[in-house]
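Descriptive analysis of the structure
The chain contents come next:
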Amino acid sequence: MTEDQSWAPADVDPERPNAARMYDYFLGGGANFAADREYARKIIELAPEVRTAARLNRAFLRRSVEYCLDNGVRQFLDIGSGIPTAGNVHEIAAQRTGEAHVVYVDHEAVAVTTAERLLAAEPNARVVRADLRDPETILRSDATRALLDLDRPVALLMVAVLHFIPDSPELDRAIRHYLDALAPGSVVVVSHATTEGDPDRLDKAAELYRNSSTPFIQRSAAEITAFLDGTEIVDPGLVWTPQWRPYAPADVPEHPEESRFYACVGRKP
Ligand SMILES: C[S@@+](CC[C@H](N)C(=O)[O-])C[C@H]1O[C@@H](n2cnc3c(N)ncnc32)[C@H](O)[C@@H]1O
């Protein structure tokens, strides 16, 4: 039986596996196509922990958003926000405060159309389709202008997205642009796949991603920390995602490196 792909946005090629939709599959979501699932299963075969890694990353995202809220940051710019799944930023924030404003950004059509549908009745959350390397479009978008006051602290979330973006002057320039645009007290949240831990296995998974529509670039601890240059790294520094401010010590798995992603949060002085 062929899959019903009629819901796919017009500019999506359902035959071409894509990171946003594979991640959705790893997390148990339904916004993915047969080609995404087939590819995701190949990655799971090589690195079975990838689903746990996705879940641990998502849990880190939650704790980092709670950290921001606890520190008075009520505005979020979530770039590479992905296909909405359980525990989106505006939902996490709504559990603590009715005042949070969220701008989601993704360059992938399924992620954006699914988010638009989810957010239709949300006055304080919107989605923008743009590339992370295009800060002008993102910061000048109607959604950002309407929802974010850049004179006040903003949490810039780049969670599990930078490893899909190869090194380039545009990437460096974009990161600097965001850092310059953010008010003092703003927070930068990053999680990122790394070469450290078990590089051989990840290399094989990265090789597979190279044949999808999305590359996959593992970076070292130093390279990941460099994305937060100009901020003061908050405790506990750069650690595996489950080690970043766990609710309880027992929440940290015996092998936190199996999360495959480093987490790091910085505050702009
Ligand atoms: C693995 S998902 C992460 C979703 C969410 N941030 C999380 O951690 O649960 C990565 C997302 O980044 C998006 N992405 C990749 N490269 C991007 C780029 N250059 N600009 C904007 N979004 C990008 C993908 O489309 C995908 O939805």
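Basis of the calculations
- Residues numbered from 1 in each chain as written.
- Predicted model: local features only at pLDDT ≥ 70, side-chain atom pairs only at ≥ 80, totals over all residues.
- Heavy atoms only, no water.
- Salt bridge = Lys/Arg side-chain N within 4 Å of Asp/Glu carboxyl O.
- Helix = DSSP H or I, 4+ residues; strand = E, 2+ residues; numbered from the N terminus.
- Buried < 20%, exposed > 50% of the residue type's maximum accessible area, 1.4 Å probe, protein only.
- Near = heavy atom within 4 Å.
- Polar contact = N/O pair within 3.5 Å; in protein donor to acceptor, adjacent residues only side chain to side chain.
- Nonpolar A, V, L, I, M, F, W, Y, C, P; charged D, E, K, R; others polar.
- Phe/Tyr/Trp six-rings, centres within 6.5 Å; stacked < 30°, edge-to-face > 60°.
- Contact = heavy atoms within 4.5 Å.
- Axes fitted to C-alpha atoms, helices over the stretch in contact; angles between N-to-C directions.
- Parallel < 35°, antiparallel > 145°, perpendicular 65-115°, else oblique.
- Left-handed = near helix turned anticlockwise from the far one by under 90°.

Quick word on the pattern of salt bridges
According to the stated counting rule, one finds ten salt bridges in the structure shown. We note a salt bridge from arginine 21 to aspartate 36, for which the minimum N-O separation is 2.8 Å. Placement of the pair is arginine 21 in helix H1 (residues 19–26) and aspartate 36 in helix H2 (residues 34–46), with a sequence separation of 15 residues. Accessibility expressed as a relative area gives 2% for arginine 21, which makes it buried. Looking at aspartate 36, the relative accessible area reads 0%, which means it is buried. Its salt-bridge partner being glutamate 66, residue arginine 96 comes within 3.7 Å of it at the nearest N-O pair. Of this pair, arginine 96 sits in the loop between helix H4 (89–94) and strand E2 (101–106) while glutamate 66 sits in helix H3 (residues 50–70), and the two are 30 residues apart along the sequence.

So, the site of the ligand
Taken together, 19 residues lie around the ligand, and Tyr23, Arg58, Gly80, Asp106 and Val159 are the ones closest in. Arginine 58 is positioned such that a nitrogen or oxygen atom in its side chain is 2.7 Å from an oxygen atom of the ligand. Separating a nitrogen atom of the ligand from a side-chain N or O atom of aspartate 131 is a distance of 3.2 Å. Those elements that place two or more of their residues in the shell around the ligand are H1 and H3. Classifying every residue of the shell around the ligand gives nine nonpolar, five polar and five charged.

Remarks on the packing of aromatic side chains
One pass over the full model with this rule turns up four aromatic pairs. Note on tyrosine 67 and tryptophan 244: the rings are 5.7 Å apart at their centroids and 85 degrees apart in plane angle, and the pair reads as edge-to-face. With tyrosine 67 in helix H3 and tryptophan 244 in the loop between strand E7 (239–240) and strand E8 (261–267), the pair connects residues that are 177 residues apart, well separated along the chain. Here tyrosine 67 and tryptophan 244 have matching classes, each one buried. Seen in terms of ring centroids, phenylalanine 164 and phenylalanine 216 are 5.8 Å apart; in terms of plane orientation they differ by 55 degrees. Their pairing is tilted. Taken together, the residues span a long stretch of sequence, with phenylalanine 164 in the loop between strand E4 (155–159) and helix H8 (169–181) and phenylalanine 216 in the loop between helix H9 (199–210) and helix H10 (221–226) at a distance of 52 residues. Note on phenylalanine 164: relative accessible area 19%, which makes it buried.

Digging into helix H5 (residues 109–119)
The set of residues buried in H5 consists of Ala109, Val110, Ala111, Val112, Thr114, Ala115 and Leu119. Residues of H5 that are buried sit in contact with H1, H4, E2 and strand E3 (125–129). At the N-terminal end of H5, a side-chain oxygen is found 2.9 Å from the backbone nitrogen of valine 110, two or three residues along, and the residue is glutamate 108.

Points about the packing of H1 against H2
It is at 9 Å that the axes of H1 and H2 come closest, and there the two elements cross at 65 degrees. Accordingly, the angle class assigned to the pair H1 and H2 is roughly perpendicular. The element H1 and its partner H2 pack so that their crossing is right-handed. The residues of H2 that touch H1, namely those facing Arg21, Met22, Tyr25 and Phe26, are Asp36, Arg37, Tyr39, Ala40, Arg41, Ile43 and Ile44.

Some thoughts on the side chain of arginine 219
Relative to the elements of secondary structure, arginine 219 occurs in the loop between H9 and H10. A distance of 2.9 Å separates a polar side-chain atom of arginine 219 from the backbone oxygen of leucine 162. A polar atom in the side chain of arginine 219 sits 3.0 Å from the side chain of aspartate 167. When sequence neighbours within four positions are dropped, the list of residues in contact with arginine 219 reads Leu162, His163, Ile165, Pro166, Asp167, Leu171, His192, Ala193, Thr194, Thr195, Ile224 and Phe227.

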